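Chain residues, written in single-letter form:
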Amino acid sequence: MTDTYDVLYIHSPITYSIGRQLLANGEIHNPLVICGRKTQWNGPHLEVIDDGIWNAERVRDFLKAMLDALPRERPIQLNIYLPHTGFLLGKLLKMSPLVRRIFYIEEGDTSHDEQYTKDRENLAVPLATYRAYLNQHQLLERLGITNAALDAVNEMEAIWFDGKHPKYGGAFGISPTSFPSLSNVQQIRLALQEDIPDREKIWVCMLPNIVSLASRYDNNQALLQKILYALVISLRTQSALAASMSCALLIKFHPVDEANLSEDFKAELMHAAGSYTDFFRERGLDAGYEPALYGFGKYLVLNTSAASRYVAQLLGQERLVNVTLD
């Protein structure tokens, strides 16, 4: 007899929100929850750095954490719910006979772009090095992937949302424009979360991905410094404006920055504003949901972000202020 288990991987507020809703709707049952980029699940879960991208060590750690948490005594199959299959982990999950179905859960603006249903951002990995990592803890054997199969990993396409793969089971988004070229897409309705006293007097400033900015402008440090200076000035201005209207300003970092920036650097950016995560922790509230679901008074979104889409869709355009830095 083969048992089937649901595995849910989340790494952002929107994937957290949809994962919670899938559980409430009975779409998934008693899932093994894996959290990346310092995302926290309000309940039992495993923590990993991320899905590994193209890093052999981090992919190994993800797979080991997942496999160690699953039964070994009898044959099992997995239904895996995850943001995308764009990198090495996605290739291995498609390759593994252990995986029965793959489901996509909303992954921001990329889920609205048909370019992500095609091969992109692919990378040829050094097979000898990767095989050594993945043979540790018998990971390839436990996944059912042979060495001969792994030899073909570089020839596999790297597709974020692969609706043509035989293991594709469906996708879940919150907008009618999510996953436009995939079949079996369900639009999930997300409800506003618990009432927060005086939340209309709270503004949330959602920062851009600073790690990504630094990487993008690595060869143009002068421009990067100007962008970061504009970021600091915007934060100071919004903090003063909020205070003048008897409102509090909370700073929310991008999940990548929350996981990778130093605490000193984050504290310097917050200056006169408050920490979004501290605000929830001090009140014993679940901070994992998409920020728009808390119904705060105003949302300041710096640079292009799916957060703007969610605020406008869930609360209305009047709650949204967009600021472009680059």
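Everything below is about the structure shown above.
Here the structure is a predicted model, which means the values were calculated and not measured.

Counting residues in hydrophobic clusters, the biggest one holds 44 residues, and the most contacted among them are L63 and M66. When residues no more than four places from it in sequence are discounted, the contact partners of L63 are L89, L92, L134, L139 and L143. If you look at the next biggest cluster of nonpolar residues, it comprises 38 residues, including I18, L22, I188 and F280.

This part is about helix α2 (residues 56–68). An ideal rise of 1.5 Å per residue puts 18 Å on 13 residues; α2 measures up with 18 Å between its terminal C-alpha atoms. Along α2, the residues classified as buried are A56, V59, R60, F62, L63, M66 and L67. With its buried residues spanning 160 degrees around the axis, α2 presents them on a single face. With a side-chain oxygen positioned 3.1 Å from the backbone nitrogen of E57, the residue opening α2 is N55.

Looking now at the packing of α2 against helix α4 (residues 127–135). Contact geometry for α2 and α4: axes closest at 9 Å, N-to-C directions at 25 degrees. Classified by the angle between their axes, α2 and α4 sit roughly parallel to one another. Viewed along their axes, α2 and α4 form a crossing whose handedness is right-handed. Residue-level inspection shows A56, E57, V59, R60 and L63 of α2 in contact with α4, the latter providing Y130, Y133 and L134.

Parameters and conventions
- Residues numbered from 1 in each chain as written.
- Predicted model: local features only at pLDDT ≥ 70, side-chain atom pairs only at ≥ 80, totals over all residues.
- Heavy atoms only, no water.
- Core = buried A, V, L, I, M, F, W, Y, C linked by side-chain atoms within 4.5 Å.
- Buried < 20%, exposed > 50% of the residue type's maximum accessible area, 1.4 Å probe, protein only.
- Contact = heavy atoms within 4.5 Å.
- Helix = DSSP H or I, 4+ residues; strand = E, 2+ residues; numbered from the N terminus.
- Expected span 1.5 Å × (residues − 1).
- Arc of directions from axis to C-beta.
- Polar contact = N/O pair within 3.5 Å; in protein donor to acceptor, adjacent residues only side chain to side chain.
- Axes fitted to C-alpha atoms, helices over the stretch in contact; angles between N-to-C directions.
- Parallel < 35°, antiparallel > 145°, perpendicular 65-115°, else oblique.
- Left-handed = near helix turned anticlockwise from the far one by under 90°.

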